[in-house]
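Chain by chain, the residues:
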Amino acid sequence: MKVEDILTEVLVRLGDRDKYDIKNLPQDDEEINTIIKCINMVVSEIASDYIPVEFEEEVEVDNGIIPYDKLSKRLINLKNITKNSTKIVTKMYPNEILVKADGLVKVCYLYMPEEVKLGDSIELSPKVTTMLIVYGALGEYCLLQGRYEDANLYDKRYREMLKVACRVTKEIKLKHGWWNS
């Protein structure tokens, strides 16, 4: 989903849609920048606390050490490290991961998405909808503006949608019955 799509929905609900040309949003507008900060806060909260984003990449291990800055994304939590489809024993430290292997390994981890700006796309789980982020950003923005009743309303909608997005769905299988014959 694009930042502009979320921004447009936020502006519509704030009643500011006519104030801006959505095709040419100003880069230095205080209100736009504040809304984008709110979007970033919501994306960070979702990715770190509710629906983490998983990434896998190949990394070269030097002397049994993988520094975090060698990873292409900001690590939140390590899932596993494998070499030739075999899990490798690892230990995490504040600045690096110790690995009982050398050479090329596959690192699977959860990461914190980068802060977004105008023109960027937000990459989260497909469970996270545009409106989920819109309501979260509206709640944060209204809170910052001192619009506490609106902030409470939007935050409540955000939390309800977040519960739905976090819900684990299981496949329901019906036994073969007379209705199938």
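Everything numeric in this text was worked out from a predicted model, so none of it was measured.

### What about the nonpolar core?
As a rule of thumb, soluble globular proteins bury nonpolar side chains together.
Stage number 1. Residues Ile46, Ile66 and Ile133 are the most contacted members of the largest nonpolar core, which totals 52 residues.
Stage number 2. Those elements that place two or more of their residues in this core are α1 (3–14), α2 (30–50), β1 (53–61), β3 (74–83), β6 (96–99), β7 (103–112), α3 (130–144) and α4 (148–166).
Stage number 3. Element by element, the count of residues in this core is highest for α2, at nine residues.
Stage number 4. Those residues within four positions of Ile46 in sequence are excluded, and the remaining contacts are Ile51, Pro52, Leu124, Val128, Leu132, Ile133, Tyr158 and Leu162.

### Structural notes on the environment of Met161
Stage number 1. Counting through the fold element by element, Met161 comes out in helix α4.
Stage number 2. Exposure remark for Met161: the relative accessible area of 26% places this residue in the partly exposed category.
Stage number 3. Expressed as a C-alpha distance, the spacing of Met161 and Met131, which sit 30 residues apart in the sequence, is 8.5 Å.
Stage number 4. Setting aside anything within four residues of it in sequence, one finds Met161 in contact with Thr129, Met131, Leu132 and Tyr135.

Reading the values: the criteria
- Residues numbered from 1 in each chain as written.
- Predicted model: local features only at pLDDT ≥ 70, side-chain atom pairs only at ≥ 80, totals over all residues.
- Heavy atoms only, no water.
- Core = buried A, V, L, I, M, F, W, Y, C linked by side-chain atoms within 4.5 Å.
- Buried < 20%, exposed > 50% of the residue type's maximum accessible area, 1.4 Å probe, protein only.
- Helix = DSSP H or I, 4+ residues; strand = E, 2+ residues; numbered from the N terminus.
- Contact = heavy atoms within 4.5 Å.

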